[in-house]
Amino acid sequence: MPCPPKSDDLVFFVNGRKVIERNVDPEVTLLSFLRKNLRLTGTKYACGRGGCGACTVMVSKRDPLSAKIRHFSITACLVPICSLYGAAVTTVEGVGSINTRLHPVQERIAKSHGTQCGFCTPGMVMSMYTLLRNHPQPSEEQLLEALGGNLCRCTGYRPILASGRTFCVESNGCQQKGTGKCCLDPGGNDSSSLLRESDICTELFAEDEFQPLDPTQELIFPPELLRMAEKPEKQTLIFRGERVTWISPGTLKDLLELKAKHPEAPLISGNTSLGPAMKSQGHFYPILLSPARISELSMVSKTSDGLTIGAGCSLAQVKDILAERVSELPEEKTQTYRALLKHLRSLAGQQIRNMASLGGHIISRHCYSDLNPILAVGNATLNLISEEGTRQIPLNEHFLAGLASVDLKPEEILESVYIPHSQKWEFVSAFRQAQCQQNALADVNAGMRVVLKEGTDTIKDLSIAYGGVGAATVSAQKSCQQLVGRPWNELMLEEACRLLLEEVSLPGWAPGGKVEFKRTLVVSFFFKFYLEVLQELKKLVKFMPDSHHYPEISDQFLSALEDFPITGSQGVQRYQRVDSHQSLQDPVGRPIMHLSGLKHATGEAIFCDDIPMVDRELFMVLVTSTRAHAKIISVDLSQALDLPGVIDVITAEDIPGTNGTEDDKLMAVDEVLCVGHIICAVVAETELQAKSATEKIKITYEDLEPVIITINDAIKHNSFLCPEKKLEQGNVEEAFEKVDQIVEGEVHVGGQEHFYMETQRVLVIPKAEDKELDIYVSTQDPAHVQKTVSSTLNIPINRITCHVKRVGGGFGGKVGRPAVFGAIAAVGAIKTGHPIRLVLDRKDDMLITGGRHPLFGKYKVGFMNNGRIKALDIECFVNGGCMLDDSELVTEFLILKLENAYKIRNLRFRGRACMTNLPSNTAFRGFGFPQGTLITESCITAVAAKCGLLPEKIREKNMYKTVDKTIYKQAFSPETLIRCWNECLDKSSFHSRRMQVEEFNKKNYWKKKGMAIIPMKFSVGFAATSYHQVTIAQNRSKLQNPTWKACFSDPPYSAAALVHIYTDGSVLVTHGGNELGQGIHTKMLQVASRELNIPMSSLHICETSTATVPNTIATAASIGSDVNGRAVQNACQILLKRLEPIIKKNPEGTWEDWIEAAFEQRISLSATGYFRGYKAFMDWEKGEGDPFPYYVYGAACSEVEVDCLTGAHKKIRTDIVMDACCSLNPAIDIGQVEGSFIQGMGLYTTEELKYSPEGVLYSRGPDEYKIPTIADVPEEFNVSLLPSSQTPPTIYSSKGLGESGMFLGSSVFFAITDAVAAARRERDTVEDFTVRSPATPEWVRMACADRFTEMTPTAKG
Ligand SMILES: Cc1cc2nc3c(=O)[nH]c(=O)nc-3n(C[C@H](O)[C@H](O)[C@H](O)COP(=O)(O)OP(=O)(O)OC[C@H]3O[C@@H](n4cnc5c(N)ncnc54)[C@H](O)[C@@H]3O)c2cc1C
Ligand code: FES
Ligand code: FES
């Protein structure tokens, strides 16, 4: 076959426009091509691994077999551009635009408040758009399926789902919304509320204003591509890149010939397995063979005994094919198909299922494969083909183990897979357990199949295969053989478990750990299978009166059979309607859409890395330490510098000014303190060149002792970052002597990764004159970036301007670290004289930046038998990592807030920040409160257990009841706290549901329900602190830390604004807050609109910039809108005062008339506004102060159901009552409550950071670190903003709700532990369990101790 020497042209369409790429590079992904070549930056990079959906686009192709156009969503970061020959790509820009026509999907997601930071929004839009192209009126299930592969870190998904649901046929939403009454609200009689129901609103958007979906308006499939597809050219296409050649033959014959010629070349199908391996494991293939144009690989054939599916079919197509077959055939024949379908529902997200091929899935033989265990037990056969001819091999344990004798020969390819029908008396089932229900790799999965002798219970044939328990899918062949001939009964079950545990032996060091859990699942799954088969047999014998009698399943055990379905969340959001006398133009208190909402949805919102490439721009990649604690012996840059495109390598020696501080250096000099410590940075012409060069830098280390990773290690080595913080009241020791009982316990809370969707990024542009620099940066604190760059470069602050247009999520993670990246990039810019772009990839971001502090706490609580707590002593330690950063402040916050909502007379709280060899942990939403207060609430549950009372009774008994003082002697009234609590009890119908839960638990052994209601008193703001306790050295490092600076160098909470009125009457507002997704700009314009009495449409905010508002504090601690709102108000009032005489003179005039007159009278139309901040202080020596301006109160009630056999849980319902006082914008505030609640739920249930004993972070992407997905939101999720009753000293009496909801996520944690406790009581497991967050499936399963956990004593190995 002739091979043309030159590269072919790649032809495809993007948004209806033809793209012809000459000399295309096969290593380029669609994402990079869209963003860099076509400047379509709506499609975002967030993980690069197919795991988050931020880069979702739609691909349309003509299916050669059905001759229909297929539209499917894909993740552009994994799609090689060469695979798109003849395809049409639609990106978010092609769907609609603000300037032309908005698509209903875009309009609805924005107007339903489904966008906050907006970084995930284009991906969400594209997933929904693709769904609607295929199903203009989708079902709820299809909607959930379509969005299952898209992550959002801000919204909590509820509003996104609500927007999608407006397209569904059967909208299950509350049909009575807007009437003030709701079908989902059985309690609903606002007895405790100060307001009437008519003052309460439950509508956040007006659905009837949405434009209808008109499928005829969509882009058509390009006729040119249709013609190409109808008469496909058969010639082989070759795309030659610098390193890689992509060959796409047009016929099967040519493919086989090429495979014979290049036997080591992989067949690149969906690239979902090859792509990640090439990216992160360094796999490299100079030739890639694409089977995309070979229609034989997509054939499907149905026979009387089975189904043959082409290896090229995508997993999504396989799902449709199987579903069709299931609907056509009798149930007994489709056992294997139904088992496959079950796993195809939860395997990855929709985009990956659309891309991944059946052949690629099987041949990859991943140990976690969900399909291979089922195909193996289902006796599937692989049809192979080569130039030599065809042959069949069984898809069995030998093939899956990769035995060469039963594998494909190098010149063979997989053509199709034959899956036989099942028979009567044959039963096939599939099982899987993952960290969360959807879009997560299974910890363990299994396929099980048994054939019984007709009409009997005798095992004729049995096969079982497990995934996740070894390097490949493992078949329990020996056990199965030994069980043949045995009756299907309890004795067989016991024996089977013994045999399986013997055969499927996981060594103690198995990769990924979780050994005991996995071994327990091995037998728990078999037990489920045992029951399932009995259940099926029961159905069979119903029709055979004289048949064999099978063991009965006790009613209590039936619950073991049901899996938790994936369901969408429903709920009601309630807030106070604005006063009927408020002018219609005044937007304060109304649910105004996020200012950037529509731009988020169309992809027109510009984030830092969307700024077009600037002239002579270079790319920077950081080089970090691979050792946790070591001396740097040498750094050899020579090989890296020799590489093409590499311009320079920046080290600490290049810094003209200061390299951070002694304790917190920007770049390591002679010692590294953690894996991920920045050592140097490569600057190259392209990102790829810079990345390749980092691998060529040779660093030699000499390991140092000790290496401290855990809190326990730190305590052992007396390794702390700062002195102990302590608060005490009453006489704790004396009180302990007088109490009825004392309990002591321990609590462990894991850390948390911010996982903002937009990773850290910065663009530094040096200017030709006066050493000026423009810095575009994704930060919560541009002033800190500016100051750090100034001291690093040794140039005055006034030469540096930091710009923040918007930030794709921060959550505290972009307070301190962006300054480090900005400063290093600035050094690169000054040294090379070029603009420098630095964009962290997800794995580096997760490695370098640190997150929430893990915590270990010990408590001793003394109480009376009636549940009254008399004394509480808590000592806790947080893991601060290797540098101080915010750790001392976090410890202080923790101590200040530990009492939560409880009045306990005798208290002692102590806290210390441990210094370890991990990356420095830092600020994170809630700042210590979510970790610390888990100890307090755990004490409550421990007391309840000892007193034999319900936890809610103990909470109620010990809660603040009257005006009182906190442990630090700040006076406050708990009235709102009590209102929230009562309202939450009422709205959630707590007491009646509690009884139902108990009834359920009595009737079900393997499933348990749990409920918890948690009160919250959250102090808002930075704790202002007097610092005479701390040493000079500590002060020095503290003053490097932005939050401390907010406390010391600036007046606490101060804020400024600048408002310009232009001669046409339009107004430009600038303030010191940064738009992180929390809607601060929207709220600021609401304030300005009210103050100036002009519509919001006359107002505009462009960006936050250090040139317009200097010396700002970080946008953090829930106070951003409040303090900046006061500054904006002040500026507007100054302007209005100046306009007053003009208005008085012409009261009938318009705003424009007054502005024109003012201009003519030379009245300044520009004003700065300032807010000096609240008075606040804390004296740690005396242990007293007034550190916080006000409190936010709240309560949350959650109900869950756990599967005791697998550790999975389902969130049945959550009700939150939150005190927003007079919300500035209820849609935004409810969004903050929901988003932070779901983020908190992630902290307490699924988000788990895994380190090696040497301090290497394993969890460095969405595959290994599971933030909640759309399937994790409670099935019923109600949020009420408590109507106002107080007047806090804030802007229009509104409260900042950015962080507080985080802790309420613990209601899910305590509901889970409540369910686990019920299981343990029933099983007579008396001893207390250690409270450990997150309550992962592993923890839950092992805590629900039973006969199966007992079979798996700790594996030794
Ligand atoms: C984000 C993400 C989440 C995932 N989640 C899950 C999950 O929950 N459960 C699960 O089981 N899997 C999961 N996977 C893995 C996924 O199922 C596999 O990556 C996928 O099925 C591989 O198919 P592919 O077409 O992309 O293979 P490719 O990456 O294109 O190829 C993989 C291998 O198969 C070979 N190959 C492909 N086709 C043929 C053929 N016809 N003949 C011979 N060799 C062939 C190639 O040579 C290559 O070696 C996930 C993957 C990603 C990226
Ligand atoms: S960036 Fe592509 S899936 Fe995350
Ligand atoms: S709005 Fe979804 S990630 Fe920010």
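Residues numbered from 1 in each chain as written. Chains lettered and ligands numbered in written order. Predicted model: local features only at pLDDT ≥ 70, side-chain atom pairs only at ≥ 80, totals over all residues. Heavy atoms only, no water.

Novice: Is there a simple way to explain helix 4 (residues 121-134) in this structure?
Specialist: In an α-helix, one turn spans 3.6 residues; hence positions three or four apart end up facing the same way. With 14 residues, helix 4 extends 20 Å between its outermost C-alpha atoms, agreeing within 8% with the 20 Å of an ideal straight helix rising 1.5 Å per residue. In terms of residue burial, helix 4 counts as a mostly covered element, since 13 of its 14 residues are buried. (Helix = DSSP H or I, 4+ residues; strand = E, 2+ residues; numbered from the N terminus. Expected span 1.5 Å × (residues − 1). Buried < 20%, exposed > 50% of the residue type's maximum accessible area, 1.4 Å probe, protein only.)

Novice: Would you mind going over the site of ligand 1 with me for this structure?
Specialist: Taken together, 34 residues form the shell around ligand 1, and within it S269, T272, L274, S357 and D370 come nearest. Between ligand 1 and T272 there is a distance of 2.6 Å, counted from an oxygen atom to a side-chain nitrogen or oxygen. Residue A348 places a main-chain N or O atom 3.2 Å away from an oxygen atom belonging to ligand 1. For ligand 1, whose accessible area on its own is 980 Å², the fraction buried by protein is 93%. (Near = heavy atom within 4 Å. Polar contact = N/O pair within 3.5 Å; in protein donor to acceptor, adjacent residues only side chain to side chain. Areas by Shrake-Rupley, 256 points an atom, 1.4 Å probe, with all protein chains shown as cover.)

Novice: What is the right way to read the packing of helix 5 (residues 140-147) against helix 6 (residues 158-165) from this model?
Specialist: Two measures define how a pair of helices packs: the angle their axes make with one another and the distance between the axes. At their nearest, the axes of helix 5 and helix 6 sit 10 Å apart, and the two run at 130° to each other. Accordingly, the angle class assigned to the pair helix 5 and helix 6 is oblique. Both helix 5 and helix 6 take part in a crossing whose hand is right-handed. Two secondary-structure elements touch here, helix 5 through E140, L143, L144 and L147 and helix 6 through I160, L161, G164 and R165. Split by residue class, the contact of helix 5 with helix 6 holds five nonpolar, one polar and two charged. (Axes fitted to C-alpha atoms, helices over the stretch in contact; angles between N-to-C directions. Parallel < 35°, antiparallel > 145°, perpendicular 65-115°, else oblique. Left-handed = near helix turned anticlockwise from the far one by under 90°. Contact = heavy atoms within 4.5 Å. Nonpolar A, V, L, I, M, F, W, Y, C, P; charged D, E, K, R; others polar.)

Novice: Please explain the nonpolar core as it appears in this structure.
Specialist: By size, the foremost hydrophobic cluster in this structure holds 297 residues, and its most contacted members are Y466, W488, F526, L537 and I775. Tallying contributions element by element places helix 18 (residues 515-542) first for this core, with 16 residues. When neighbours within four sequence positions are excluded, L537 is seen to be in contact with W425, F427, L452, W488 and Y550. Membership of the second largest hydrophobic core comes to 72 residues, among which are L34, I268, L400 and A430. (Core = buried A, V, L, I, M, F, W, Y, C linked by side-chain atoms within 4.5 Å.)

Novice: Explanation requested: the UniProt feature "binding site: [2Fe-2S] cluster 1" (unreviewed entry) in the chain in the structure shown.
Specialist: In the UniProt entry, the feature "binding site: [2Fe-2S] cluster 1" (unreviewed entry) is given for C47, C52, C55 and C77. A maximum C-alpha distance of 10.2 Å places the annotated residues, which cover 31 residues in sequence, within one compact spot. Residue C47 is classed as buried on the basis of its relative accessible area, which comes to 7%. The contact partners of C47, leaving out residues within four places of it in the chain, are C52, R842 and P1262. By secondary structure assignment, the location of C77 is in the loop between strand 4 (69-75) and strand 5 (88-90). A residue is classified by how much of its surface remains accessible, and C77, at 3% relative accessible area, is buried. In this structure, C77 is in contact with T29, L31, G48, R49, G50, C55 and K279, ignoring residues within four places of it in sequence. (UniProt positions renumbered as here; feature names shortened; annotations may be inferred.)

Novice: Would you mind going over the sheet that holds strand 23 (residues 671-672) with me for this structure?
Specialist: Reading across from one edge, 23-21-25 is the order of the three strands in this open sheet, with antiparallel pairing throughout. The open sheet has two free edges, formed respectively by strand 23 and strand 25 (698-703), since each of these has just one partner strand. As paired elements, strand 21 (residues 630-636) and strand 23 share two bridges and run antiparallel to each other. Opposite K631, over in strand 23, you have E671 as the bridge partner. (Pairing = 2+ DSSP bridges.)

Novice: I would appreciate a short explanation of the environment of K665 in the present structure.
Specialist: Mapped onto the elements of the fold, K665 is located in the loop between strand 22 (646-650) and strand 23. The exposure class assigned to K665 is partly exposed, which follows from its relative accessible area of 26%. Along the chain, K665 and V820 lie 155 residues apart, while their C-alpha atoms are 8.9 Å from each other. When residues no more than four places from it in sequence are discounted, the contact partners of K665 are N659, G660 and M883.

Novice: Help me understand helix 31 (residues 990-1003), please; the structure alone is not making it clear to me.
Specialist: The end-to-end C-alpha separation of helix 31 is 20 Å, in line with the 20 Å expected for 14 residues at 1.5 Å each. Along helix 31, the residues classified as buried are F990, R993, R994, V997, F1000 and N1001. Buried residues in helix 31, looked at end-on, bunch into an arc of 120°, giving them a common side. Facing away from the buried side of helix 31 by over 90 degrees, the exposed positions are M995, Q996, K1002 and K1003. Against the buried residues of helix 31 lie helix 29 (951-958), helix 30 (975-987), strand 37 (1007-1019), strand 45 (1191-1203), strand 46 (1209-1219) and helix 39 (1306-1322). (Arc of directions from axis to C-beta.)

Novice: Any chance you could explain a negative patch on the surface here in plain terms?
Specialist: Side chains of D1064, E1152, D1153, E1156 and E1160 sit close together on the surface and give a patch of like negative charge. Assessed through its relative accessible area of 36%, D1153 is described here as partly exposed. (Patch = residues over 30% accessible without salt bridge, like charges linked within 9 Å, V, L, I, M, F, W, Y side chains within 5 Å. Salt bridge = Lys/Arg side-chain N within 4 Å of Asp/Glu carboxyl O. Lys, Arg positive; Asp, Glu negative; His and termini not counted. Charge placed at Lys NZ, Arg CZ, Asp CG, Glu CD.)

Novice: Whenever I open this one, the confidence of the model for the chain confuses me. Can you help?
Specialist: Any residue range with low pLDDT should be treated as having predicted coordinates unsuitable for detailed reading. For the chain, per-residue confidence averages 93 on the pLDDT scale, and residues scoring 70 or more make up 94% of the total. When the criterion is pLDDT under 50, residues 172-194 qualifies, and its contacts beyond four places in sequence or with other chains add up to 49 contacts. In this model, residues 1025-1051 is a region of pLDDT below 50 whose contacts with residues beyond four sequence positions or in other chains number 56 contacts. (pLDDT = per-residue confidence, 0-100.)

Novice: Sorry, what's going on with the UniProt feature "binding site: [2Fe-2S] cluster 2" (unreviewed entry) in the chain here?
Specialist: The residues that UniProt annotates with the feature "binding site: [2Fe-2S] cluster 2" (unreviewed entry) are C117, C120, C152 and C154. Over a stretch of 38 residues, the named residues converge on one spot in the fold, their C-alpha atoms separated by at most 9.4 Å. Restricting the annotated residues to those that line the largest cavity leaves C154. Here C117 lies in the loop between helix 3 (104-111) and helix 4. C117 sits in the buried class, given a relative accessible area of 4%. With near-sequence residues (within four places) excluded, C117 lies in contact with C154, H600, F607, V807, G808, G809, L1076 and G1077. Looking at where C152 falls in the secondary structure, it is placed in the loop between helix 5 and helix 6. Exposure remark for C152: the relative accessible area of 5% places this residue in the buried category. Residues within four places of C152 in sequence aside, it is in contact with C120, M124, Y157, I160 and I1267. (1 Å grid on protein atoms, 1.4 Å probe; cavity = no way out; pocket = protein on both sides within 12 Å on 5 of 7 lines; lining within 4 Å.)

Novice: Looking at this structure, how should I read unusual backbone geometry?
Specialist: Most peptide bonds adopt trans geometry, and most residues besides glycine take a negative phi value. Cis peptide bonds are those with omega within 30 degrees of zero, and the linkage from E705 to P706 qualifies with -10°. The topology assignment puts P706 in the loop between strand 25 and helix 22 (711-716). The phi dihedral of N1093 is positive, around 60°, even though this residue is not glycine. If you trace the backbone, N1093 turns up in the loop between helix 34 (1080-1092) and strand 40 (1099-1100).

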